[in-house]
Structures are given as C-alpha cells and as structure tokens.
Amino acid sequence: MSKDSIIHLKNITKEYPGVVANKNVDFQVNKGEIHALVGENGAGKSTLMKILYGIEQPTQGEIFINGEKQIISKVESAINLGIGMVHQEFTLVPSFTAPENIGLGQEPKNNQGLIDWKGLNKLVVDIAEKYGFKVDPGLKMIDASVGVQQRTEILKTLYRNANILILDEPTAVLTPQETDELFTVIRTLVDEGKTVIFITHKLREVMEIADRVTVMRAGEVQGVSEIKNTSISELASQMVGREVFLQVKKDEAKPGEEILNVEDLWVHDARGLLAVKGINLSINKGEIVGVAGVEGNGQSEFVEALTGLRKTSQGSIKYLGEDIASSSPKNIRRKKIAHIPEDRTNTGLNTQLSIWENLIGNSYFRRPLSTRGIFNLKKIAEHSNKLKEDFDIRAPNISLKVKSLSGGNQQKVVVARELSEDPVLTIASQPTRGVDIGNIEAIHEQLVQMRDEGGAVLLVSAELDEVMAVADRVAVMYEGQIVKWVNPKEVDQAQMGLYMAGIKE
Ligand SMILES: Nc1ncnc2c1ncn2[C@@H]1O[C@H](COP(=O)(O)OP(=O)(O)O)[C@@H](O)[C@H]1O
Ligand SMILES: [Mg+2]
C-alpha cells in the first residue's frame, strides 16, 4: 500500500435482508486525489460511503484512515476523523440562511453563552472565500438555486473541518454550467490539500475531473484505474458487465412525408416572459430531429407547446396538415403523438400506482384492454407483462408500485407506455435523464427503431452526446431561437459548444 493512502476500506461486506449491497470490497484513496466511484444504480456506491461516514456498519471488513484502523460507529466519529459527506438528497433547513444551516448545532458563542451570529457569518464568509465560493449570507435556502444549496452543503462539511469530502452524485441535479462551477470548486478543494471522493455514473465527468476511478457493479469492485490509462468505453463495460455501444448503431435516415411543421412559433413561459421566439422546424416520417442546447433556453416551453401543456402566443403547429397549436393534451395524445416528458415523476407517471396501471394509462379505455368500460384483466396482464419483458423493466412483478422502482426503471415504464402506442410522432424530452448507461443504450435503440418503422421523432436533450449520437438533424436552441441547424456527423463538440453559447458563426 502506498504511504500516502488516506482511506483504505478492506474487505467490506454489507448485507441487508435479501441483498448483499457490498461484497468483499477493497477501496483505497490517496491523499489529495479526486477519486471517482462509479457504477450503475444499485451497485453499492452509497452504501460503501455510508459505511465510511458512520451511517451504516459493515457486516464484515475493516476501515483504515491514514494507515490506522478505525471503528466508525457513528457520524460524529467520521467527522472527528475529518470526513464529510454531501448526500444525494440535501439536508438543509429551507427557511434558514446558508450560515444558519452551516453552523447548525455548532454555532460560535459569545461570552453570555448566546449564539454569535456576526461571528458565524464571518466564519462562513471566510471559509467560502478561501475556497473561491460566493455566499450570500442573507439568502434563505428555499430561495437558493440547487447549485447554491449544494455549495452550502459542501461549506457545512468544511466548517466541520473535513479533509476528505464525499460527494454522492453531486451532478445529478445540476445543469451543465452548474457542473462546471462545481468542478472548479472541487479543483480548488484539492489545491487546498483536501481529498475528494466523487460518486457518479456519468463517465464523461469522471474522465474530466478524476485522477483515479474505482468501478463497482452489483456490490463488487470491477476495477481501479488511473484516468490517464483508461477510457469511457472501458469504464462503461466494467460498469455494465458487457460491451456497451456508446455509438448508437443506425443506418442513414430515409425521410418520407412531412409529419410536423412548426412555423414562426412564439411561446411565453410561466412568468409571462417570452421563452420561444419564432421557431421554424419540420419533422418527416422516418427521421429523428434533435434539439440541443443548454437547459433553460426555451426547450421545455417548446415541448410544452407541442404537447398541449402550454398555450402558444403566435404561429402554427401543423401536424399532418392540421393546426394543433393550443389544443388540449388529451386531444393531442389521441392523434397518436407520444410524449416522454422531462419530468417523469410529476407528468409522466403516477408513482402511487402499480406498474401495470401506469403502463395502460393511455390505452385502458380501448379494446382489447377493456370492453364497454369493463377491464379485461387477463388481457391487461398479458399486455403489461409483454411490455415489462420488451422494455426490460426490472421488477419482481407488474403489481409493484412505480415509486419503489429505480429512476431508470421508472423511465422505462414511461418509454414502454409511450412507444407501445404505435405513435406517428414521438416527442422525447430528456428521455435518459437519471438513467443508467445500460438502459440509456436501450432507450436510444427504441427511438431509432421507432424511426426505422416509419415514425417521426423529436429528441430534446441537454446531453450533447445523446443528441449527436441519436438524431439525424440537429437544431441548436439559444435564448428561445434556433441559432443553427447541423448535421451531427459534420460538427465536433467544440463547434457545438460555441453554437450552444449563442455564437452563430
Ligand atoms: N437501507 C437499506 N435496506 C435494504 N437494502 C438497501 C438499503 N440501502 C441500499 N440497499 C440496497 O443495496 C443495494 C446497493 O444500493 P446503493 O448503495 O444505494 O447503490 P448505489 O448508490 O450504487 O445506487 C441496492 O440493491 C439497494 O436496494
Ligand atoms: Mg447512490
């Protein structure tokens, strides 16, 4: 073992009733490095880190910090050893400001034994400055952006003198710009002598930020590599346990007749501001049109207008020649327009209901699933089980409530329901957000298959790699307008980055 090993988890096993979450895991981190811990949902990453942070006790195994064996029986012990953790779900008090949250329970006191608020604010601002953050000490967390909330969580660990920071999927909730800001923060932390464990399943991020990476699958370590000696495809196959095709396999599109024609479309957002400013776009049978762009440039409002969730202010949306602008969502659905919404838990699913109830959400009122208002339960079970199989929804049975599925499997329920309706036009908005790499591949294949069977597909995604790999033609959106049309085979990421920043040519 190298002498600068700051953490060494040896032979860790953690059993929950019916699940081995970690199996003989060996995990070692060097002082001052950014160490990525990657794996699909359920691989055991959070469990391993909860063991290091004293939230969970291992069934078996040993923990060494700075070469010394430690029993970390509670979070307090971990904090005393200089370990801090920022969880996937934040633990901030919404009505408190950043300093109030950061100091919580450990506020400095004045000589009357009362909380020294001024002193606390100064301490927090000083720490923030040292690490190059900005904090607004008066801002309540409820009014703060996700990025600011996350930085407050990081400051909280620094306030408690953390030397080793565990960030559990910190970028899952961030926009690309916020991710860049976080990476700057992480680099500053390391420059100041901290060690960072960065959990993610986004391999591009691993390649960008980490020094070394440990890959887990099904509770076990699959490999440890130096970033300079590995690649995205090697990490992906370790994660998934088979070769993964990051390049989507597809033939040239064979576009047919026009299905959708959007002309001079203008749409206001929820605050009444113009979000879409004169979009023109058409989609033909047998092609996938992509919309790329940094989130918040009008893509959401554009999709909402197309699917009837938002009224249009001007312009037309012609679907098979008929103007459907400002029709109801129900009307639009009836016309065989499928919608995979970006917000699956609110718009896409009823998570309180079972898998089968969600799967038949659009078709239950039709034969053969029901006749004159009466469910045919046998047909429904057949139909749902077939979709479960075809779309690889991982669940013991179709009666399970959707809320107990992983994010990736929830998304597969939405995709299965929408694509099984034999749509003429499919509108997919961020269809792989929060979905594992193996499942991303499956969803991409489904979209390409829709196309090859003569469907028209609109793919809106903030993941540039996704749009470029899946779409046949790509529109770049910036501030409510399409600033550029590109052939994804003819541009590179750097050029796309410029278009996405609004630089036209
Ligand atoms: N408190 C718990 N009780 C029972 N099973 C759990 C618990 N926490 C995690 N698991 C299971 O352990 C496995 C690993 O989960 P987790 O460590 O959260 O994975 P990851 O963070 O890589 O997504 C999963 O199968 C999960 O369902
Ligand atoms: Mg996790």
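Residues numbered from 1 in each chain as written. Chains lettered and ligands numbered in written order. Predicted model: local features only at pLDDT ≥ 70, side-chain atom pairs only at ≥ 80, totals over all residues. Heavy atoms only, no water.

(A) Just the pairing of strand S8 (residues 195-200), in detail. Most of S8 is tucked away, with six of its six residues classed as buried. Of the two faces of S8, the one carrying Thr-195, Ile-197 and Ile-199 and the one carrying Val-196, Phe-198 and Thr-200 are both buried. Judged from the five bridges that link them, strand S3 (residues 34-38) and S8 form a sheet pairing that is parallel. Pairing of Val-38 across the sheet is with Thr-200, part of S8. Between the parallel pair strand S7 (residues 164-168) and S8, the chain is carried across by helix H6 (residues 176-191), and the sense of this crossover is right-handed. (Buried < 20%, exposed > 50% of the residue type's maximum accessible area, 1.4 Å probe, protein only. Helix = DSSP H or I, 4+ residues; strand = E, 2+ residues; numbered from the N terminus. Pairing = 2+ DSSP bridges. Right-handed = clockwise from strand over helix to strand, strands pointing away.)

(B) Quick look at the pairing of strand S21 (residues 473-478). Direction of pairing for strand S13 (residues 288-292) relative to S21: parallel, over a ladder of four bridges. By the bridge assignment, Val-289 is partnered in S21 with Arg-473. Bridge count between S21 and strand S22 (residues 481-486): five bridges; the pairing is antiparallel. Opposite Met-477, over in S22, you have Ile-482 as the bridge partner. Where S21 folds back onto S22 in an antiparallel hairpin, the turn is made up of two residues, including Glu-479, whose phi is positive at roughly 45 degrees.

(C) Examining the site of ligand 1 more closely. Around ligand 1 sit Tyr-16, Val-19, Ala-21, Glu-40, Asn-41, Gly-42, Ala-43, Gly-44, Lys-45, Ser-46 and Thr-47, and that is every residue in its neighbourhood. At 2.9 Å, a side-chain N or O of Lys-45 approaches an oxygen atom of ligand 1. Its free accessible area being 560 Å², ligand 1 has 62% of it covered by the protein chains. Those elements giving two or more residues to the shell around ligand 1 turn out to be strand S2 (19-30) and helix H1 (45-52). Of all the elements, H1 adds the most residues to the shell around ligand 1, at three residues. (Near = heavy atom within 4 Å. Polar contact = N/O pair within 3.5 Å; in protein donor to acceptor, adjacent residues only side chain to side chain. Areas by Shrake-Rupley, 256 points an atom, 1.4 Å probe, with all protein chains shown as cover.)

(D) Fine view of the sheet that holds S2. Pairing within the open sheet is antiparallel, and its four strands lie in the order S2-S1-S4-S5. Looking at strand neighbours, the two that pair on one side only are S2 and strand S5 (68-70), the edges of this open sheet. Strand-to-strand twist of the sheet, defined as the mean angle between neighbouring strand axes without regard to direction, takes the value 25 degrees. Here strand S4 (residues 60-65) runs beside S5; their pairing, made up of three bridges, is antiparallel. Directly across from Ile-63, in S5, lies its bridge partner Gln-70. (Axes fitted to C-alpha atoms, helices over the stretch in contact; angles between N-to-C directions.)

(E) The packing of helix H4 (residues 117-130) against helix H5 (residues 146-159), seen in detail. Two elements in contact, H4 and H5, have axes whose closest approach is 10 Å; the angle formed by their N-to-C orientations is 105 degrees. With respect to H5, the axis of H4 lies roughly perpendicular. Of the residues in H5, those touching H4 at Leu-120, Leu-123, Ile-127 and Ala-128 are Leu-155, Leu-158 and Tyr-159. Residues of the contact of H4 with H5, tallied by class, amount to seven nonpolar, no polar and no charged. (Parallel < 35°, antiparallel > 145°, perpendicular 65-115°, else oblique. Contact = heavy atoms within 4.5 Å. Nonpolar A, V, L, I, M, F, W, Y, C, P; charged D, E, K, R; others polar.)

(F) Quick look at the sheet that holds strand S12 (residues 274-284). Spatial ordering of the open sheet is given by S12-S11-S14-S15, a layout of four strands whose pairing is antiparallel. A single partner strand is all that each edge strand has here, and the edge strands are S12 and strand S15 (322-323). Helix H9 (residues 299-306) contacts strand S11 (258-268), S12 and strand S14 (314-319) of the sheet and is inclined by roughly 120 degrees relative to S11.

(G) Spotlight on unusual backbone geometry. If you check the backbone angles, Ala-218 has positive phi at about 45 degrees while not being a glycine. Note that Ala-218 resides in the loop between strand S9 (212-217) and strand S10 (220-226). Since its relative accessible area comes to 58%, Ala-218 is described here as exposed. The phi dihedral of Asp-392 falls on the positive side, at around 55 degrees, and the residue is not glycine. By the secondary structure assignment, Asp-392 is in the loop between helix H13 (377-390) and helix H14 (407-419). Judged by its relative accessible area of 32%, Asp-392 falls in the partly exposed class.

(H) Inspection of the side chain of Lys-412 at higher detail. When you line up the elements, Lys-412 lands in helix H14. A distance of 2.5 Å separates a polar side-chain atom of Lys-412 from the backbone oxygen of Asp-392. Not counting residues within four places of it along the chain, the set of residues in contact with Lys-412 comprises Phe-391, Asp-392, Ile-393, Arg-394 and Asn-439.

(I) Here's a closer look at the nonpolar core. Membership of the largest hydrophobic core comes to 43 residues, with the highest contact counts inside it found for Ile-154, Leu-158, Ile-186 and Val-206. Among the elements that take part in this core, H6 stands out by supplying six residues, more than any other. Leu-158 has contacts with Ile-127, Tyr-131, Phe-133, Leu-165, Leu-189 and Lys-194, leaving out every residue within four places of it along the chain. Core analysis: the second largest hydrophobic core is formed by 41 residues, Phe-391, Leu-464, Met-468 and Val-476 among them. (Core = buried A, V, L, I, M, F, W, Y, C linked by side-chain atoms within 4.5 Å.)

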